[in-house]
Amino acid sequence: MEQQPEQNVTERQRTEPVVQQQERQEDQTAPEARVFETKNVSLWYSAFRAVTDVSLSVHENEITAFIGPSGCGKTTVLRTLNRMNDLVVGARVEGDVWYRGESLYAKDVSAIAVRRRIGMVFQKPNPFPKSIYDNVAYGPRINGIHNRGKLEEIVERSLRQAALWDEVKNRLKASALGLSGGQAQRLCIARTLAVEPDVVLMDEPCSALDPIATAAIEDLMHEIKSRYTIVIVTHNMQQATRVSDRTAFFSVLRDEKSDTRTGVLVEYGRTEQIFQDPQDSRTKAYVTGRMG
Amino acid sequence: MAEHRQAFQRELETIETKIIEMFGMVAEDLSQATDALLGGDNEVVKLLAEREAIIEALYPEIEATVDRNILLQAPVAEDLRFLLSVLRIVPELERSHALVEHIARRANHILSDDLTPRTRGLVERMGDVVSDMWRRAADSWYQRDGSAAAILAERDEEMDELHASLIAELASGQMALPVTMEMTLVARFYERLGDHAVNVARRVVYLAGSQTAE
């Protein structure tokens, strides 16, 4: 009458937190695999300190996501990585930003040369009012490439990498302004890739796109990460978990006395760790959606 | 700072309450089952059968709530660890209560006079150890304390030794064959209950995460 009690329970493996394994991996990262290293970076807009004391490393061929509430400084930090803040009057960077072992803000470093190596894709697709072809060929032409065959090759390669080629190959001479939002954003990515950058910075690249277009961009990020290093700012936490290898969580520190807000880096780690086992209570509150 | 996702939070708290309830039934009924077996109390058997029915209803209910929340709430961090841990321990709790009920049911078949004094002593000892293991497992879950797993693994070795001693005692052939057969099963049930307590405490290691218990 009695059923046999069930089998195979004793041999069940101990469930170890994934985090421990990741921390072990962390230690093995060679210094040369670090594309960026920032040390105590603060960014000032005149007398206002927008971000304070950010220290983190961006690793080669990885996707690093910056997440955090509005005003936490994640976009500001992204923009320090290719000196975009130079264009803002009164902006000043304190601390060290190393790019492949060289100081990004050293006197003899040209911001133009930096941006050629470190491209950027913006929140709102911003194709030039030119043909699809000319959008992609724009950067290479500026860099002195005028050979037609060579340009055609670059345009096709870039559009393929951006997963747009099949959709536009028969209308390369058509205006880029006729593309859908998702296509326009992939065109902007193709335009960035055309100058063969080392790093692609993306500032909320999908926030103006529908889920299908978003999925297309995320797929292409996975596709290209073996050739590029990517840093993405996103408001969409699920996007961070889907695409990124590491996640940096930024938050806002509020000074009651002066009523000013400053962005801080709260926690930085493997994406699985940040979303499975965050160490800081602020990270926990943010990723679980409890705070805001 | 505003607290968000309050409806989700309430769902999680409801699940936790039900889990604690299941823990309570396993731990409490376990000592009652041992008493019933050794004292021949048939009333307890009815009570435990009723509790078994409650657990059998709770089990699918908890699972469905967890499934729904994983689907709809995209949980992460401690929320995700909690929901996954619940899915992993609910079967352990359900199975364990069934074993407790099987033990109690032996009170119908065995008169306590049928047992040798040494058998009684070993059963009593197994009952005490495994009750203690289950109380610790329940506390470790409630306090999110992963450190209990190691303690329970040690206690379980004691259980295995008691099990071996009891089997040896039964094999000595001093009791009637039907009683010996029943008691062999009982010995096995206690031993399994110890293993389940260890499994539960191991699940708490994942549930607790790497932060120290607050």
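Here is what the cut-offs are and how they apply
Residues numbered from 1 in each chain as written. Chains lettered and ligands numbered in written order. Predicted model: local features only at pLDDT ≥ 70, side-chain atom pairs only at ≥ 80, totals over all residues. Heavy atoms only, no water. Helix = DSSP H or I, 4+ residues; strand = E, 2+ residues; numbered from the N terminus. Buried < 20%, exposed > 50% of the residue type's maximum accessible area, 1.4 Å probe, protein only. Contact = heavy atoms within 4.5 Å. Areas by Shrake-Rupley, 256 points an atom, 1.4 Å probe, with all protein chains shown as cover. Lys, Arg positive; Asp, Glu negative; His and termini not counted. Charge placed at Lys NZ, Arg CZ, Asp CG, Glu CD. pLDDT = per-residue confidence, 0-100. Expected span 1.5 Å × (residues − 1). Phe/Tyr/Trp six-rings, centres within 6.5 Å; stacked < 30°, edge-to-face > 60°. Disulfide = S-S within 2.5 Å.

### Side note on the overall build of chain B
Per the secondary structure count, chain B includes 6 helices and 0 strands. Counting from the amino terminus, chain B carries its helices and strands in the arrangement α-α-α-α-α-α. For chain B, the spread of C-alpha atoms along the principal axes amounts to about 70 × 35 × 20 Å. The buried share of chain B, taken over its 214 residues, is 51%. Looking at chain B alone, contacts between residues at least 24 apart form 88% of all its contacts between residues at least 6 apart. Entry remark: accessible area of chain B is about 9,400 Å², with carbon and sulfur atoms responsible for 52%. If the 22 positive side-chain charges of chain B are averaged to one point and the 39 negative ones to another, these points end up 3 Å apart.

### Examining the confidence of the model for chain A
Model confidence for chain A is summarised by a mean pLDDT of 89, while 89% of its residues fall at 70 or above. With pLDDT under 50 throughout, residues 1–25 of chain A is counted as low confidence; its partners more than four residues away or in other chains account for 41 contacts.

### Some thoughts on helix H6 (residues 177–208) of chain B
Residues and elements named next belong to chain B. Spanning 32 residues, H6 covers 47 Å between terminal C-alpha atoms, matching the ideal 46 Å at 1.5 Å per step. Here H6 lies mainly inside the structure; 24 of its 32 residues are buried. One or two steps after H6, the chain reaches Gly-209, where phi turns positive at roughly 70°.

### Considering the packing of aromatic side chains
In this description, an aromatic ring pair is defined by two values, namely the gap between the centres and the angle between the planes. All names here are of chain A. Per the counting criterion, the structure on display carries 7 aromatic pairs over all chains. Taking the centre distance of 4.7 Å and the plane angle of 55° together, the rings of Phe-128 and Tyr-138 count as tilted. Remark: Tyr-138 occurs in helix H4 (residues 132–142) and Phe-128 occurs in the loop between strand S6 (118–121) and H4; sequence separation between them is 10 residues. When its relative accessible area of 26% is taken as the criterion, Phe-128 is described as partly exposed.

### What to know about the side chain of Thr-38 of chain A
Residues and elements named next belong to chain A. For Thr-38, the position within the fold is in strand S1 (residues 34–45). Residue classification places Thr-38 among the buried residues on the basis of a relative accessible area of 5%. In this structure Thr-38 touches Val-54, Ser-55, Leu-56, Leu-81, Asp-96 and Val-97, once residues within four positions along its chain are discounted.

### Some thoughts on the state of the cysteines
All names here are of chain A. One pass over the full model with this rule turns up 0 disulfides over all chains. Here Cys-72 is not cross-linked by a disulfide; its sulfur's nearest cysteine counterpart is in Cys-206, at 18 Å. By relative accessible area, Cys-72 is classed as buried at 1%. We note that Cys-188 lacks a disulfide partner, and the nearest cysteine sulfur, in Cys-206, lies 12 Å from it.

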